[in-house]
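Each chain, letter by letter, is given below.
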Number of protein chains: 2
Amino acid sequence: MLNRVRSAVAHLVSSRGSPGSGTRECPTLASPDSTAPQGTPRSPPVRPDSGSKAPGGAVENRGSFSRPTFLQLSPEGVRRAEDQAGRVVQSPPDTGRRLPWSTGYAEVINAGKSRHNEDQASCEVVYVEGRQARMGGPEKSIKDQGLYFHYWGLFDGHAGGGAAEMASRLLHRHIREQLQGLVEILQDPAPPPLCLPSTTRASVSLDSPCPGGPQPCWPLQKEVTHESLVVGAIENAFQFMDAHMAREQRSQYVVGGCCALVVVYLLGKMYVANAGDSRAIIVRNGDIIPMSREFTPETERQRLQLLGFLKPELLGNEFTHLEFPRRVQPKELGQRMLYRDQSMTGWAYKKIELEDLRCPLVCGEGKKARVMATIGVTRALGDHNLKVCSSTLPVKPFLSCFPEVQVYDLTQYEHCPDDVLILGTDGLWDVSSDKDVAATVDKVLSSYEPNDPSRYTALAQALVLGARGISREQGWRLPNNKMGSGDDISVFVIPLGGPGSYT
Amino acid sequence: MLNRVRSAVAHLVSSRGSPGSGTRECPTLASPDSTAPQGTPRSPPVRPDSGSKAPGGAVENRGSFSRPTFLQLSPEGVRRAEDQAGRVVQSPPDTGRRLPWSTGYAEVINAGKSRHNEDQASCEVVYVEGRQARMGGPEKSIKDQGLYFHYWGLFDGHAGGGAAEMASRLLHRHIREQLQGLVEILQDPAPPPLCLPSTTRASVSLDSPCPGGPQPCWPLQKEVTHESLVVGAIENAFQFMDAHMAREQRSQYVVGGCCALVVVYLLGKMYVANAGDSRAIIVRNGDIIPMSREFTPETERQRLQLLGFLKPELLGNEFTHLEFPRRVQPKELGQRMLYRDQSMTGWAYKKIELEDLRCPLVCGEGKKARVMATIGVTRALGDHNLKVCSSTLPVKPFLSCFPEVQVYDLTQYEHCPDDVLILGTDGLWDVSSDKDVAATVDKVLSSYEPNDPSRYTALAQALVLGARGISREQGWRLPNNKMGSGDDISVFVIPLGGPGSYT
């Protein structure tokens, strides 16, 4: 049975069944990344097809469509990945070095929704230099002073693949940059100092009090934790990444926007940062632990309405900040219709006035909910040029680039090899519930030996195949998009314990 | 043991041990309230001590300090309730008619924090007339068409008791008013109509489609539930109550503001609406079900900061929307200090600039957290005249009068006589955790027969005594405010099942 399953999977996934990729020698995987982006990245726009690397290594122009480096796809492999009829599931090759922690990964292109797969992914081990190393200290001390973090990112692009590709190449560098000033502080068990000397390069001890002492105006001063410094660094890295995209916006290369779901493992803790409608869950001993929330016009309705209420100029004369259960018709003027404003969760009736005939800022339900009748997510990177359809009104002011960060302390639990963190773009979650995914975790992992490192990629493949409309129970039937997701799907499976983890 | 406990309690509570109150004949309890406030209440300011009832019955001027009507206190009883040395626990008399559902109640004044007990409470059965009755239909149909709701409210006043007293007398009437247009809709099992004819008094069927039909602009129209109509009615009632207070603001009678925690039982569901830092929990079969969240400068930091960021004019030149872990000193200009803005949950360092020397909009921690260095709650009714200390800057724009409403469907569970909904002002929760309260529920209720209707008042008294620093385990020691809460404390205990409930 197990062999039959594996054999069936082999016909549907690329890295094992495809000549020229499954049999290739394993190229080197991404080594620890120590190339810093510019302090505040200011690389000029990169022209498509220029073939040159952007200044500071900020934007690497790859000319056309690409897939994640760790898939190690040949040009032929990339073409296969683009085939929207076959929708072959792609995974890293099953030979040679694996992704860190034996992470599993699988993806599939959409069924014709866009020309390219607009999802992107990255998986990196990133070294953050300590201050002494950056100041040119003795060579031998560099390694001692720095910190490593492990990094996984899923980027679900919209209105083009440029933003997702840029984020997949650069967001971890922005995170590194934000962490650089914190290396010594994070390594010091004492609480972070509230105030630092003005020049980080000065040789003043971080523990020394601010000149003149703190002299607080209120009796208690807040104690800030190391954890909240890392959270702040990730939040600001998202903001810098978004500003970086704004500078590149004139380039054809960076078009559209992307949802971003990233995980940073640093000093024993997993930081799961989500901006958009991807999702992360932990499956531990069969239990489901949500590690993210989705940010959509429905979940962020009140934030959007409040902004429209406080800044009506952002609505032009086209939108109203009030929500109605359907579009109001001119002939309904003077009648009473259900509505809710930025402060309400319930509904009430109001008399329809002229300005209520404008399109509601937030409308629709579920996957059809939209901000300004244009976009279905409310947090994303990019979208700096996004305008309301048939209008010059910008949508960006209503979009937030800030992630919500949830923290999971790996040291607080004993993990077995079947405990995993699952990251998936919405193509997975549109058709698979958390329980479906947890059931697949159980089924697939129990059919592999606990120490078989290929089990996590097999699980990622099973999740993608299941979401595509193909499942083991159905005898690996041919794809039927009516049954599954026709969207791009990308999945990481990160084991939280067991052999091969924490490398 | 049980008798000893009861006897000990009798010395500490008013309604049983006090001559002149425990032995009084039971006056009539508040009967179903059918006096409507004005459509949009516009009663003029009421002068203190004028002795006249305000127009429309809106504000009943009681001249001086008062306690909830259902306590049935004599003038001597009110004086006893004011005694801040003894801090006697007050409850409704243990004779005659009880509060609906055999609800328990107890309260105690603070230990000198303010001259009067600034908490207020109300407990009512309210009749909402149907449309036909309001339109002068045949007398016999009135009862058939209307709806009753049960109502409990706790109002924790600050900066004076006027707002709490006004809310305790009027908020349920505003709720009734908001529900009046919904009686037929709530009684109709069909989903509420999205659009109504312009005149509610017209004899058009509510089920008839809007003229011209709905013709929605997006394919799906939202289905709005009956439940969300009640939620919307309660939300708007809070808003009308707040606007009503604004109109009365010149009166000395209505000073300060109040947190409001109210429960509406209507058609099988409990609607728990909270604006402030009171708290509601259900204790069911020993499990704790939180039924409210507190709204404080800490829990609403990001909302407050966003408002300050978008409307900097509200900050004057006195405040910054950024948060710092302590007040920044002028000599720290140019140094780097931890901060967070409206989008961050983590912390990061920033270089101190001149405007960072302003007082942070949100500062302090826990009970010492303040908005504009002035007030420790962020949702309340009233406060229309509240200014920043030593300034003319109004605080009100940062305060919300909207409650968060949580719904509990009583018909979904089998309840036993020990299942209760506990409402308490912050005087209780400052010193008693949810678990403490649940433990007291278990201890006290198990020492009474399940059908003894006095058990819920005994429980309320035990909760207040415990929070005051007196507990059964400690042998009912004399009060020691260092051990307990020195604040006003008010507690409702609402049984969710068993004899006497649902009357």
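Scoring rules and cut-offs
- Residues numbered from 1 in each chain as written.
- Chains lettered and ligands numbered in written order.
- Predicted model: local features only at pLDDT ≥ 70, side-chain atom pairs only at ≥ 80, totals over all residues.
- Heavy atoms only, no water.
- Helix = DSSP H or I, 4+ residues; strand = E, 2+ residues; numbered from the N terminus.
- Contact = heavy atoms within 4.5 Å.
- Areas by Shrake-Rupley, 256 points an atom, 1.4 Å probe, with all protein chains shown as cover.
- Salt bridge = Lys/Arg side-chain N within 4 Å of Asp/Glu carboxyl O.
- Polar contact = N/O pair within 3.5 Å; in protein donor to acceptor, adjacent residues only side chain to side chain.
- Least-squares fit on C-alpha atoms with pLDDT ≥ 70 in both.
- Buried < 20%, exposed > 50% of the residue type's maximum accessible area, 1.4 Å probe, protein only.
- Lys, Arg positive; Asp, Glu negative; His and termini not counted.
- Pairing = 2+ DSSP bridges.
- Axes fitted to C-alpha atoms, helices over the stretch in contact; angles between N-to-C directions.
- Phe/Tyr/Trp six-rings, centres within 6.5 Å; stacked < 30°, edge-to-face > 60°.
- Expected span 1.5 Å × (residues − 1).
- Arc of directions from axis to C-beta.
- pLDDT = per-residue confidence, 0-100.
- Parallel < 35°, antiparallel > 145°, perpendicular 65-115°, else oblique.
- Left-handed = near helix turned anticlockwise from the far one by under 90°.
- Nonpolar A, V, L, I, M, F, W, Y, C, P; charged D, E, K, R; others polar.

1. Description of the overall build of chain A
The number of helices and strands found in chain A is 12 helices and 18 strands. When contacts within chain A are restricted to residue pairs at least 6 apart in sequence, those whose partners lie at least 24 apart make up 71%. Surface accessibility of chain A: about 20300 Å² in total, with carbon and sulfur atoms responsible for 51%.

2. Some points on the interface of chain A and chain B
The interface is formed by 62 residues belonging to chain A together with 62 residues belonging to chain B. Along the contact surface separating chain A from chain B lie 3 salt bridges. Remark: the boundary between chain A and chain B carries 18 residue pairs in polar contact (both at pLDDT 80 or more). Taken together, the elements giving at least two residues each to the side of chain A that touches chain B come down to strand 4 (195-196), helix 8 (226-247), helix 9 (301-310), strand 10 (336-339) and strand 11 (348-351) of chain A. With 7 residues, the top contributor of residues to the side of chain A that touches chain B is helix 8 of chain A.

3. With respect to the relation of the copies chain A and chain B
Mapping chain A onto chain B leaves a residual RMSD of 0.0 Å; the transformation is a rotation of 180 degrees accompanied by 0.0 Å of translation along its axis. The symmetry that links the two subunits is that of a two-fold axis. Among all residues of chain A, the one whose C-alpha sits closest to the rotation axis is L310 of chain A, at a distance of 3.7 Å. The overlap is high: 100% of the interface residues of chain A also sit at the interface in chain B, so the same surface is used on both sides.

4. Overview of the side chain of D119 of chain A
Residue and element names in this part refer to chain A. For D119, the location among the structural elements is in strand 2 (residues 119-128). Buried and without a salt bridge, D119 has R67 as its closest oppositely charged side chain, separated by 6.3 Å. A distance of 3.0 Å separates the side chain of D119 from the side chain of T425, its partner in a polar contact.

5. Description of the sheet that holds strand 10 (residues 336-339) of chain B
Backbone hydrogen bonds are what pair the strands of a sheet, in a parallel or an antiparallel way. Pairing within the open sheet is antiparallel, and its 3 strands lie in the order 4(A)-10(B)-11(B). Pairing within the sheet leaves two strands with one partner each, and these edge strands are strand 4 of chain A together with strand 11 (348-351) of chain B. The pairing of strand 4 of chain A with strand 10 of chain B spans 2 bridges and is classified as antiparallel. In the strand pairing of strand 10 of chain B, C195 of chain A is matched with M337 of chain B.

6. A short note on the sheet that holds strand 17 (residues 420-424) of chain B
All names here are of chain B. Read from one edge to the other, the open sheet built from 5 strands follows the order 1-18-17-7-8, with strand pairing classed as antiparallel. At either end of the open sheet lies a strand with only one pairing partner, and these are strand 1 (104-108) and strand 8 (287-290). On average, each strand axis in the sheet is tilted by 20 degrees relative to the strand beside it, whichever way the strands run. Of the pairings in the sheet, the one linking strand 7 (residues 279-284) to strand 8 comprises 4 bridges and is antiparallel in character. Each residue of the ladder has a partner; that of I281, found in strand 8, is P290.

7. Some remarks on the packing of aromatic side chains
Scanning all chains against the criterion turns up 16 aromatic pairs over all chains. With a centroid separation of 5.1 Å and an interplanar angle of 75 degrees, the aromatic rings of W101 of chain A and W152 of chain A are classed as edge-to-face. A residue pair is termed long-range when its members are at least 10 positions apart, and W101 of chain A in the loop between helix 3 (75-81) and strand 1 (104-108) and W152 of chain A in strand 3 (residues 147-158) qualify at 51 residues. This pair shows no difference in class: W101 of chain A is buried, exactly as W152 of chain A is. Ring centres 6.4 Å apart and planes at 75 degrees place the aromatic pair F149 of chain B and Y151 of chain B in the edge-to-face group. In this structure, F149 of chain B and Y151 of chain B share a single accessibility class: buried.

8. Digging into helix 11 (residues 434-446) of chain A
Residue and element names in this part refer to chain A. Its 13 residues give helix 11 an end-to-end C-alpha distance of 18 Å, which sits within 8% of 18 Å, the value for a rise of 1.5 Å per residue. Along helix 11, the residues that are buried comprise D434, V437, A438, V441, V444 and L445. One side of helix 11 holds all its buried residues, which, seen down the axis, span an arc of 140 degrees. Among the exposed residues of helix 11, those oriented more than 90 degrees off its buried face are K435, D442 and S446. In the core, the buried residues of helix 11 are packed alongside strand 7 (279-284), strand 8 (287-290), strand 17 (420-424), helix 10 (426-429) and helix 12 (455-468).

9. Digging into the pairing of strand 10 of chain B
Residues and elements named next belong to chain B. Here strand 10 shows two buried faces, one formed by R336 and L338 and the other by M337 and Y339. Pairing of strand 10 with strand 11, which is carried by 4 bridges, proceeds in the antiparallel orientation. Within the sheet, the bridge partner assigned to M337 lies in strand 11 and is K350.

10. Observations regarding the side chain of D356 of chain B
Residue and element names in this part refer to chain B. When you line up the elements, D356 lands in the loop between strand 11 and strand 12 (359-360). Here K350 takes part through its side chain, which lies 2.5 Å from a polar atom of the side chain of D356. Leave out the neighbours within four places in its chain, and D356 touches L322, F324, V328, K350 and K351.

11. Quick look at the pattern of salt bridges
Applying the stated criterion across every chain yields a total of 41 salt bridges over all chains. Salt-bridge contacts for K367 of chain B lead to D277 of chain B; the nearest nitrogen and oxygen are separated by 3.8 Å. Taken as a pair, K367 of chain B in the loop between strand 13 (362-363) and strand 14 (370-371) and D277 of chain B in the loop between strand 6 (269-275) and strand 7 lie far apart in primary sequence, 90 residues in all. With relative accessibility at 48%, the residue K367 of chain B sits in the partly exposed group. Each of K222 of chain A together with E298, R301, E323 and R340 of chain B takes part in a single network of salt bridges with overlapping partners.

12. So, the confidence of the model for chain A
Residues and elements named next belong to chain A. Overall, the predicted model of chain A reaches an average pLDDT of 82, with 76% of residues at or above 70. Across residues 15-63 the pLDDT falls below 50, and counting only partners more than four positions away or on other chains, this stretch makes 103 contacts in the model. Across the interfaces of the predicted complex, the ipTM metric reaches 0.83, alongside a pTM of 0.84.

13. Looking at the environment of S102 of chain A
For S102 of chain A, the location among the structural elements is in the loop between helix 3 and strand 1. In this structure the C-alpha to C-alpha distance between S102 of chain A and T457 of chain A, which are 355 residues apart in sequence, comes to 8.3 Å.

14. Considerations on the packing of helix 6 (residues 162-180) of chain A against helix 8 of chain A
Residue and element names in this part refer to chain A. One way to put it is that helix 6 packs onto helix 8 with a least axis distance of 8 Å and a crossing angle of 135 degrees. Considered as vectors, helix 6 and helix 8 are oriented oblique to each other. Crossing angle aside, the handedness with which helix 6 passes helix 8 is right-handed. Contact residues: helix 6 offers A163, M166, A167, L170, L171, H174, I175, Q178 and L179, while helix 8 offers V230, A233, I234, N236, A237, F238, F240, M241, H244 and M245. Along the lines of polarity and charge, the residues of the contact of helix 6 with helix 8 split into 15 nonpolar, 4 polar and no charged.

15. Here we look at the environment of E227 of chain A
Residues and elements named next belong to chain A. Tracing the backbone shows E227 in helix 8. Measuring from C-alpha to C-alpha, the distance between E227 and K269 comes to 8.5 Å, with 42 residues separating the pair along the chain. Looking at E227, its side chain comes within polar contact range of the side chain of K269, at 2.7 Å.

16. Some details on the packing of helix 11 (residues 434-446) of chain B against helix 12 (residues 455-468) of chain B
All names here are of chain B. It is at 10 Å that the axes of helix 11 and helix 12 come closest, and there the two elements cross at 135 degrees. When the axes of helix 11 and helix 12 are compared, the pair comes out oblique. Both helix 11 and helix 12 take part in a crossing whose hand is right-handed. Two secondary-structure elements touch here, helix 11 through V437, T440, V441, V444 and L445 and helix 12 through R455, Y456, A458, L459, A462 and L463.

17. Let's talk about helix 9 of chain A
For helix 9 of chain A, every residue scored as buried is listed here: R301, L304, Q305, L307, G308 and L310 of chain A. Lining the buried residues of helix 9 of chain A we find strand 13 (362-363) and strand 14 (370-371) of chain A together with helix 9 (301-310) of chain B.

18. Brief notes about unusual backbone geometry
With a phi close to 50 degrees, M372 of chain A is a non-glycine residue in the positive phi region. By the secondary structure assignment, M372 of chain A is in the loop between strand 14 and strand 15 (381-382). Given a relative accessible area of 0%, M372 of chain A falls into the buried group. A positive phi angle is found at S102 of chain B, which is not glycine, with a value near 60 degrees.

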